[in-house]
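Understanding the architecture of this molecule
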Amino acid sequence: MDGPSGTGKSTVARRIAENLGARYLDTGAMYRAATVWALDQELDLTDPAAIAAGTADLPLAMGCDPLSEQVELDEISVTRRIREDDVTAAVSAVSAVPEVREQLVDYQRAIAADDETPIVVEGRDIGTVVFPDAPVKIYLTASAEARAQRRHAQNLELGLPSDYEAVLASVQRRDGLDSTRKVSPLRPAEDAIELDSSDMNLEETVAAVAELADR
Ligand code: C5P
């Protein structure tokens, strides 16, 4: 399952994995963990060579339970840390580095091959690059405004300060960076089924994806 941020993709992918008794892998969490490592090492994020050198052999361990997310760096949980704003702001710079992508794509393929239990994998390049032969490919999208509105509502629910225009600008900035980068830009695979969730709530989106996956 691929698509931009804020479509409800992670929640939907997790629910589908749970319903199918499958494993679940959030590849965005892997790029976020690489970004935490880069920030902790105080790497120069404007220098792709420095990022490549500083993140080689990442001590990353991903859990695949759809009911509980687990991301560890050097055996320490970074499951919460990867969601913080400074990580979100820096992740596009780290995920644009080819060496980072090669390492993480290798790990994604190894995780999938490691166990016969099926796996739902979500990200930006899963259908195009990581698993071009996946039996079902979904590209989940929604307008930038709908996605920003959801993120804004989530922030307010969590009691976090939030400004809709600022959230929209951040969504648009990350979309732009992810879809114009040279390596593995965000785009639907030719054989992906596209689903626009702008006017759907979560339950409706899960039901629509489940139906597509069943075809
Ligand atoms: O999905 P999430 O918003 O957590 O992803 C964080 C970032 O990781 C994205 O903005 C993108 O830069 C990067 N990413 C990627 N390829 C993937 C998954 C995520 O480049 N397969």
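The paragraphs below set out a description of the structure included in this document.

Below, the discussion takes up the overall build of the chain. Within the chain, the secondary structure is distributed over nine helices and seven strands. Reported as C-alpha extents along the three principal axes, the dimensions of the chain are approximately 45 × 45 × 30 Å. Residues counted as buried form 45% of the 215 residues belonging to the chain. Within the chain, contacts between residues separated by at least 24 positions form 72% of all contacts whose residues are at least 6 apart in sequence. Of the roughly 11,100 Å² of accessible surface on the chain, 50% is carried by carbon and sulfur atoms.

A word on unusual backbone geometry. Backbone geometry places Glu 42, a non-glycine residue, at a positive phi of 55°. For Glu 42, a relative accessible area of 71% gives the class exposed. Even without being glycine, Asp 57 reaches a positive phi, approximately 55°.

Our next topic: the nonpolar core. Among the nonpolar cores identified, the biggest contains 31 residues, and Leu 60, Met 62, Val 71, Leu 73, Val 100 and Leu 104 are the most heavily contacted of them. When contributions to this core are tallied by element, the ones reaching two or more residues are helix H2 (27-40), helix H3 (48-54), strand S2 (60-62), strand S3 (71-73), helix H4 (85-95), helix H5 (98-113) and helix H6 (126-130). Looking at this core, the element that brings in the most residues is H2, giving eight residues. Setting aside its immediate chain neighbours within four residues, Val 100 contacts Tyr 31, Ala 34, Ile 51, Thr 55 and Val 94.

Quick look at the site of the ligand now. Contacts to the ligand come from 16 residues, most closely from Arg 32, Ser 95, Arg 101, Arg 174 and Asp 178. Ser 95 has a polar side-chain atom sitting 2.8 Å from an oxygen atom of the ligand. Within the side chain of Arg 124, an N or O atom sits 3.0 Å from an oxygen atom of the ligand. In isolation the ligand exposes 460 Å². Once the protein is present, 96% of that is buried. With four residues, H2 is the largest single contributor of residues to the shell around the ligand. Split by residue class, the shell around the ligand holds two nonpolar, six polar and eight charged.

Here H2 contains 14 residues, and its C-alpha end-to-end distance of 20 Å stays within 8% of the 20 Å for a straight helix at 1.5 Å per residue. A large share of H2 lies buried, amounting to eleven of its 14 residues. Within H2, the full set of buried residues consists of Thr 27, Ala 29, Met 30, Tyr 31, Arg 32, Ala 33, Ala 34, Thr 35, Val 36, Trp 37 and Ala 38. The opening residue of H2, the one whose side-chain oxygen lies 3.0 Å from the backbone nitrogen of Gly 28, is Asp 26. Just beyond H2, the residue with positive phi is Glu 42, at close to 55°.

To find leftover empty space, one rolls a probe the size of a water molecule over the atoms. Taken as a whole, the second largest pocket holds about 530 Å³ of empty space. Every residue lining the second largest pocket is counted, 24 residues in all, and those nearest its centre are Ile 119, Val 120, Ala 134, Pro 135 and Val 136. The biggest single contributor to the lining of the second largest pocket is strand S5 (residues 119-122), with three residues. The residue makeup of the lining of the second largest pocket, split by class, is 20 nonpolar, one polar and three charged.

Another point: the environment of Leu 168. Along the chain, the position of Leu 168 falls in helix H8 (residues 164-180). Of the residues examined, Leu 168 reaches a relative accessible area of 10% and is grouped as buried. Along the chain, Leu 168 and Pro 135 lie 33 residues apart, while their C-alpha atoms are 34 Å from each other. Beyond its immediate chain neighbours, meaning those up to four positions away, Leu 168 contacts Ala 144, Glu 145 and Ala 148.

Conventions adopted
Numbers given for residues are sequential positions, taken from 1 along each chain in its written order. With the structure being a predicted model, the display of local features is reserved for residues of pLDDT at least 70 and the display and counting of side-chain atom pairs for 80 or more, all residues being used for whole-chain, interface and lining totals. With hydrogens and water stripped out, all remaining heavy atoms of the structure feed into the side-chain values. Per the convention used, a helix needs a DSSP run of H or I reaching at least four residues, while a strand needs a run of E reaching at least two, with both numbered from the N terminus. Under the scheme applied here, a residue whose accessible area is under 20% of the maximum for its type counts as buried, over 50% as exposed, and between as partly exposed, the area being computed with a 1.4 Å probe on protein chains only. Note on contacts: a residue pair qualifies if any of its non-hydrogen atoms lie within 4.5 Å across the two residues. For the area figures, the Shrake-Rupley method with a 1.4 Å probe applies, and any residue is considered shielded solely by the protein chains shown. Put simply, buried Ala, Val, Leu, Ile, Met, Phe, Trp, Tyr and Cys residues joined by side-chain atoms within 4.5 Å make one nonpolar core. Definition of nearness: a residue and a molecule or strand are near each other if at least one heavy atom of the residue lies within 4 Å of the molecule or strand. For this analysis, a polar contact is any N or O atom pair within 3.5 Å, provided that within protein one partner can donate a hydrogen and the other can accept it, and provided that sequence-adjacent residues contribute only side-chain to side-chain pairs. Put simply, Ala, Val, Leu, Ile, Met, Phe, Trp, Tyr, Cys and Pro go in the nonpolar bin, Asp, Glu, Lys and Arg in the charged bin, and everything else, Gly too, in the polar bin. Multiplying one less than the number of residues by 1.5 Å gives the expected span of a helix. Each cavity reported here is a set of points on a 1 Å grid over the protein atoms alone in which a 1.4 Å probe fits but cannot get out, each pocket an open set with protein on both sides within 12 Å along at least five of seven lines, and each lining residue one with an atom within 4 Å of a point. Grid points are joined across faces, edges and corners, and a volume is the space filled by probe spheres set on the points.

Any functional reading would require information beyond the geometric quantities listed.
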